[in-house]
Amino acid sequence: MATVFIPTPLRKFTGNISKIELEAQSIGELLDSLSIKHPELKKYLYTPEGKIPSFINIFVDDEDIRDLELEKTSISSTSLISIVPAIAGGIDDIFSKEELARYNRHIIIPEFGREAQVKLKKAKVLVVGSGGLGSPLLLYLAAAGVGTIGLIDFDLVEDSNLQRQVLFGVNEIGTAKVVAAKNRLEAINPYITIETYNQKLTSENALELISKYDVIADGTDNFPTRYLVNDACVLTGKTNVYASIFQFEGQVSVFNYLKDGERGPNYRDLYETPPPAGLVPSCAEGGVLGVLPGIIGSLQALEVIKVVTGIGDNLSGKLYTFDAFSFQSKTFKIKRKESNPLNGTQPTQTTLIDYEQFCNVKSEEKAIKEIAADEFHALKEGEEAYQLIDVREQHEFDLVNINGFHIPLQNITENVDKIKKDRKVVVHCKMGGRSAKAIRELEAKFGFDNLFNLTGGIDAYLEKYDSSVTQN
């Protein structure tokens, strides 16, 4: 039997039944059976002339019957038929016909419905970070129909990201993450708006940026930014949907959630101060199972959707933990603490602080030496001895190169003996990000002082001197 979903405005004519199963071979037969079973519905399903009224849309699965064969549209025992009438108050105008078809699987859920989908459409969610957690989080928020998604990240896509950051592919290596993410998300859902911020979240810009959004999703991978996000959310009155991962374990919670006029616990109630520097290694240092951020990031997306729509019970006042190694999960209670420096009984912090210092993290690294494309070309054409190091991945080098000595970034330290110290050494990647990391690591660990980063990488050089390259 085919299944027909009855919308909220018409359920008063079906005894508040939201789903009815009927034997029918076509939409016409189904509407006739429905009218016989519930006679009061007939005036809403047919005009006096026996036509389907213009204020009613009917979908077979995801397809509007006006794009098929109207009443003659055939259906099967597995067909899902949704009746979608116009609703007073302008709610119907917020969605195009294409969007109604796209979000149909949401709308037909009785506990979700059109009202929740409207809330998603009107919501503005800021995602901090587009890495392991941010990738699935962004994919599912975009697919779900969050109307405006903000994304702040200042990093570039690297080959080592692709083990877990499913938002990106090999073609985006060296590209700004926010640029690559925007392209991917718009391809998934053209009916939403993606706002990007290719910059670092700091104490100087956090309050202004976060105040523009309804919900903040923390996908960061370091303690300074995590405390910054939490404190900015508390100070601006925003809900913070938090997640973190390490090796096999993940955590999810909802902080600073407003319910019945009171804010729930925040990250400072869970961890008032950070651990000593170096005690808890980052994922880059300690590793992470690639599938774990997919699991935890999806749970984080779920909590964002629940917070925005108000459906179900979210994780406010709770900490959910998942251990992928043993496949065990636990949920712990969190309570507000009087000692919380932001909103305890005697608050001691009323503004954002220096979070690098708070977390005992070293300040910004010193600037590295740069060499512009013009200067490097002159070096190549001259007689001065130099060495060129290419730190891109093998497939990038095989595609196009400028005759550099190839040492991928991940292998740079184990090949240090191959790097000259008696001449100028120019290091390059695609756009300059990975080569800068290589130089900082070599300078810090091995005392190099003759390394120069090719500004803009091979891309900048090829714009002017593409006749000098080797293409395979």
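These figures come from a predicted structure and were not determined experimentally. (Residues numbered from 1 in each chain as written. Predicted model: local features only at pLDDT ≥ 70, side-chain atom pairs only at ≥ 80, totals over all residues. Heavy atoms only, no water.)

Draft legend 1. Molecular detail of the sheet that holds strand 17 (residues 386-390). Here five strands make up an open sheet; going across it, the order is 16-21-20-17-19 and the pairing parallel. Edge strands, defined here as strands with exactly one partner in the open sheet, are strand 16 (370-371) and strand 19 (405-406). Direction of pairing for strand 16 relative to strand 21 (residues 451-454): parallel, over a ladder of two bridges. Across the sheet, I371 pairs through a bridge with L454, a residue of strand 21. Strands in contact with helix 16 (residues 433-446) are strand 20 (424-428) and strand 21; relative to strand 21, the strand with the most contacts, it is inclined by about 170 degrees. (Pairing = 2+ DSSP bridges. Helix = DSSP H or I, 4+ residues; strand = E, 2+ residues; numbered from the N terminus. Contact = heavy atoms within 4.5 Å. Axes fitted to C-alpha atoms, helices over the stretch in contact; angles between N-to-C directions.)

Draft legend 2. Representation of the side chain of S79. For S79, the location among the structural elements is in the loop between strand 4 (63-64) and strand 5 (80-85). Overall, S79 belongs to the buried group, its relative accessible area being 5%. Of the polar contacts made by the side chain of S79, one reaches the backbone nitrogen of S76; its length is 2.9 Å. Beyond its immediate stretch of four places on either side in the chain, S79 contacts A2, T3, V60 and D61. (Buried < 20%, exposed > 50% of the residue type's maximum accessible area, 1.4 Å probe, protein only. Polar contact = N/O pair within 3.5 Å; in protein donor to acceptor, adjacent residues only side chain to side chain.)

Draft legend 3. Here's a closer look at the nonpolar core. V125, V127, L141, I149, I296 and V304 are the most contacted members of the largest nonpolar core, which totals 54 residues. A per-element tally of this core places helix 12 (residues 292-309) first, with seven residues. Apart from the residues within four sequence positions on either side, L141 is in contact with V125, V127, V146, I149, A301, V304 and I305. (Core = buried A, V, L, I, M, F, W, Y, C linked by side-chain atoms within 4.5 Å.)

Draft legend 4. Quick look at the pattern of salt bridges. A full pass over the atoms with the stated rule returns 17 salt bridges. Its salt-bridge partner being E356, residue K200 comes within 3.6 Å of it at the nearest N-O pair. Of this pair, K200 sits in the loop between strand 8 (193-197) and helix 8 (206-210) while E356 is found in helix 13 (residues 355-358), placing the two residues 156 residues apart along the sequence. Look at E356 and you get partly exposed, because its relative accessible area is 24%. Residue K464 pairs with D374 through a salt bridge whose shortest N-O separation is 3.1 Å. With K464 in helix 17 (residues 457-465) and D374 in helix 14 (residues 373-381), the pair connects residues that are 90 residues apart, well separated along the chain. Given the relative accessible area of 52%, K464 is considered exposed. Residue class for D374 comes out partly exposed when judged on its relative accessible area of 39%. (Salt bridge = Lys/Arg side-chain N within 4 Å of Asp/Glu carboxyl O.)

Draft legend 5. Spotlight on the packing of aromatic side chains. Under the definition given, this model contains 14 aromatic pairs. Where Y242 meets Y267, the ring centres are 5.4 Å apart and the plane angle is 45 degrees; that geometry is what we call tilted. One end of the pair, Y242, is in strand 10 (residues 239-246); the other, Y267, is in helix 10 (residues 267-270), and 25 residues separate them in sequence. Side by side, Y242 and Y267 carry an identical accessibility label, which is buried. Plain terms: the ring middles of F248 and F325 are 4.9 Å apart, the flat faces sit at 65 degrees to each other, and that makes the pair edge-to-face. (Phe/Tyr/Trp six-rings, centres within 6.5 Å; stacked < 30°, edge-to-face > 60°.)

Draft legend 6. Layout of the pairing of strand 8. The pairing of strand 7 (residues 148-152) with strand 8 spans five bridges and is classified as parallel. Across the sheet, residue T148 finds its bridge partner in strand 8, namely T193. With helix 7 (residues 177-188) bridging strand 7 and the parallel strand 8, this β-α-β connection has right-handed handedness. (Right-handed = clockwise from strand over helix to strand, strands pointing away.)

Draft legend 7. Quick look at the sheet that holds strand 5. The mixed open sheet is built from five strands, whose spatial order is 2-1-5-3-4. The sheet terminates laterally at strand 2 (19-22) and strand 4, the two strands that pair on one side only. Here helix 1 (residues 27-37) sits on the sheet and contacts strand 1 (2-5), strand 2, strand 3 (56-60) and strand 5; the angle it forms with strand 2, its principal contact strand, is near 115 degrees.

Draft legend 8. Molecular detail of the packing of helix 6 (residues 134-144) against helix 7. Relative to each other, helix 6 and helix 7 sit at 35 degrees, their axes nearing to 9 Å. In this structure, helix 6 meets helix 7 at a crossing whose hand is right-handed. Counting all contacts with helix 6, which are made through L138, L139, A142 and A143, the residues of helix 7 involved are R184, L185 and I188. (Left-handed = near helix turned anticlockwise from the far one by under 90°.)

Draft legend 9. Spotlight on helix 5 (residues 113-122). Summarising burial for helix 5: seven of the 10 residues are buried, a large majority. Along helix 5, the positions that sit buried rather than exposed are G113, R114, A116, Q117, V118, L120 and K121. At its buried positions, helix 5 is contacted by strand 5, helix 3 (97-102), helix 4 (104-107), helix 6 and helix 12.

Draft legend 10. Highlighting the environment of A143. You can see A143 is positioned in helix 6. Owing to a relative accessible area of 35%, A143 belongs among the partly exposed residues under this scheme. C-alpha separation for the pair A143 and N189, spaced 46 residues apart in sequence, amounts to 6.1 Å. When sequence neighbours within four positions are dropped, the list of residues in contact with A143 reads Y103, I188 and N189.

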